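# Understanding the architecture of this molecule
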Amino acid sequence: MKLRSITLENVRRFIDPVRIDGISDGVNVLSAPNEFGKSTVFDALRALFFVTHGSTKKDIKHLRPHAGGSPKVSVEVETAEGRFVISKTWFGKSEAKVTRGDVLIAQADEAEAWISRLLGGGDGGPSGLLWVRQGLVGLSDGEKNEQTAALEARRDLLSSVTGEVEAMTGGRRMDAALARCREEILVYATATGRQRAGGPSAAALLEVETLTRDRDGLVKQVTDLQSALDERNRNRRELAELEAPDAVADRKARLEAAKVAFQAAETHAGKVQAAEQAVQTATLIAGRARQELQTFREVVKARSEAQTADKEARAQLEKTAVTLAEAEKNLADAKNAHDAAEQERRQADALLRRVQAKSARDRRAELEERLEKAQSTRGKVEAAKAGSSIGPDEKDMERLRGLDSALATARALRDSTATRVTVRYASGRDGSVVHAGKVLADGKALTIHSDTVLSLDGLGELTVHPGAGPEGIGDVSQAEADLAEALKELGVSSLEEAARAHHARQHANPRWLSWKPSSWLMPRRASQICRSNSPACPSRRKRRRSKTCHPWKRQRQRQLSTPRAASSQSFAPKWRWRGT
């Protein structure tokens, strides 16, 4: 018996299956550090060969791991009859089996008997002395059954070799045997132990080598001939099957049926291809029709919006006309107020000349206060007039709306005939279509007016060249240029800004546009003239001064030099002192 491999499972530290194979003839050394399981392997081997699978002794319990489980040990042995696998499991579902390949040789008690016969006796016979547990130093160590087995093995070994030893150790017989052995050895080897040249052993070795080569060649020839013979037999069987009348007739019938089916399939494929082409053409026509329908709906919608915008513009025009009429009326009222203020100023001049010197100072202060109020009121009136005249009027807004409507119409007509590209991505796609650095959305149409490059991931680039389009379509660029020129003339950047300026012009404060002077307002030149008997008149202090009061003239010149005085110089007092 030769041991070839060992497998342990649930044996102490080896919970998962562990296999030791590659055991060859001769001496095999199992080397590993301490506590790595070398003794466990030998204890498991001893249990496999000398302990029954139904045993629950202490030695078997010591094989169980700390986590519990059923220890299982199996070995592969080689005998003269071939290779066998011996396996045992203790505790739980205990069993013992001997197999050869996939064939079960023995199990349970029969397997135990088979192992016993393999070892040469129930207790292993003399071979039992070779299985010594680690730590045993004599036949009296170990458990009682181990001691008994060791003594029986020793007794059998002594009884079997005693007679032979006594026969060989008896005087001349031993010397003759030794001399004969030396003679036989000298035939095969020299006195130094080397192989004798030309001796029987050298010839035998040479013959062994020659026979080995011949055997290898014959084995190869046999293998090749066997393979060729198997191939010939297989070809003969196939040829016989192919040449059988029934098989030939069946193949012909199947061939004819296949030809008919092939022709029918070709006809059907042609019909299917024609149908697919018709479906594809109908799909393209339907898609084009849907695009044209969508374009027509968009044009109709744009036309409806344009009509609505036109109605709103007309209503706004009427409203603006009413506002203009009101503004003109307010302007006429302002002019009348201005004339009335001028008349009252003249009356104030005449009244001022009639004021006595005693109340001239107080009256002058009162008139100056009224003058300030009049100047403030007139400034507000002028601001209201200026606000009503700044920004686009209704005519300008009507022109801007017309240009914007023309631009929208030109764009709608251009888009209605422009090329459109719609991408439908397949499910599980990896790439996408990119235009101008942006990924095209699934199902969203892209309107193309000029040559456009689409990037296809993993494929390359697709350039779309749209047609020139039908004649008679409005020029979008010209419409945009006309609208930009009109906005530039009005000093605005967009239609929204023009609408805000127009709104500000329409909503100027109507209170000051319809302002009329009241009875308390001081005339514009009421404080320009004073009588010579006024206490404030410098000529009263200096009768001999000239006709004009030069210091006040210089003051008036300084007032006129300021922007406010220059803008409202019609209200600035012009003093002229007259001496008596």
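Residues numbered from 1 in each chain as written. Predicted model: local features only at pLDDT ≥ 70, side-chain atom pairs only at ≥ 80, totals over all residues. Heavy atoms only, no water.

### Topic: the packing of helix H9 (residues 394–417) against helix H11 (residues 495–506)
Where H9 contacts H11, the two axes come as close as 11 Å, and the packing angle between them is 160°. By the criterion of interaxial angle, the relationship of H9 to H11 is roughly antiparallel. For the crossing formed where H9 meets H11, the hand is left-handed. Packed against H9, whose contacting residues are Glu 394, Met 397, Leu 400 and Asp 404, the element H11 presents Leu 495, Ala 498, Ala 499, His 502 and Gln 506 at the interface. Along the lines of polarity and charge, the residues of the contact of H9 with H11 split into five nonpolar, two polar and two charged. (Axes fitted to C-alpha atoms, helices over the stretch in contact; angles between N-to-C directions. Helix = DSSP H or I, 4+ residues; strand = E, 2+ residues; numbered from the N terminus. Parallel < 35°, antiparallel > 145°, perpendicular 65-115°, else oblique. Left-handed = near helix turned anticlockwise from the far one by under 90°. Contact = heavy atoms within 4.5 Å. Nonpolar A, V, L, I, M, F, W, Y, C, P; charged D, E, K, R; others polar.)

### What about unusual backbone geometry?
The backbone phi angle of Arg 12 is positive, close to 50°, even though this residue is not glycine. By secondary structure assignment, the location of Arg 12 is in the loop between strand S1 (2–9) and strand S2 (18–20). In this structure Arg 12 comes out as partly exposed when scored by relative accessible area, which is 27%. You will see that Phe 91, though not glycine, has its phi angle at about 65°, which is positive. Topologically, Phe 91 is positioned in the loop between strand S4 (82–89) and strand S5 (95–100). (Buried < 20%, exposed > 50% of the residue type's maximum accessible area, 1.4 Å probe, protein only.)

### Description of the packing of aromatic side chains
A complete count under the given rule lists one aromatic pair for this structure. Above the plane of the ring of Phe 36 lies Arg 13, whose end atom (NZ or CZ) is 5.7 Å from the centre. We note Arg 64 situated over the ring of Phe 91; from NZ or CZ to the ring centre the distance is 4.4 Å. (Phe/Tyr/Trp six-rings, centres within 6.5 Å; stacked < 30°, edge-to-face > 60°. Lys NZ or Arg CZ within 6 Å of the ring centre and 35° of its normal.)

### Let's talk about the sheet that holds S2
Strand order across the open sheet formed by six strands is S2-S1-S3-S4-S5-S6, with antiparallel pairing between neighbours. Since the sheet does not close on itself, it has two edges, and those belong to S2 and strand S6 (103–107), each with one partner. Across the sheet, the mean angle separating the axes of adjacent strands is 20° when strand polarity is ignored. (Pairing = 2+ DSSP bridges.)

### Overview of the packing of helix H7 (residues 245–354) against H9
Running from amino to carboxyl end, H7 crosses H9 at an angle of 175°, the nearest separation of the two axes being 10 Å. Our classification of the angle between H7 and H9 gives roughly antiparallel. Counting all contacts with H7, which are made through Thr 295, Val 299, Ala 302, Ala 306, Ala 313, Gln 316, Leu 317 and Thr 320, the residues of H9 involved are Glu 394, Glu 398, Arg 401, Ser 405, Ala 412 and Ser 416. Residues that form the contact of H7 with H9 fall into these classes: six nonpolar, five polar and three charged.

### Quick word on the sheet that holds strand S8 (residues 433–435)
Reading across the sheet, the four strands line up as S9-S8-S11-S12 and stay open at both edges, with antiparallel pairing between neighbours. Here the strands that pair on one side only, and so sit at the sheet edges, are strand S9 (438–439) and strand S12 (460–464). Pairing analysis gives two bridges linking S8 to S9, with the strands arranged antiparallel. Each residue of the ladder has a partner; that of His 435, found in S9, is Lys 438.

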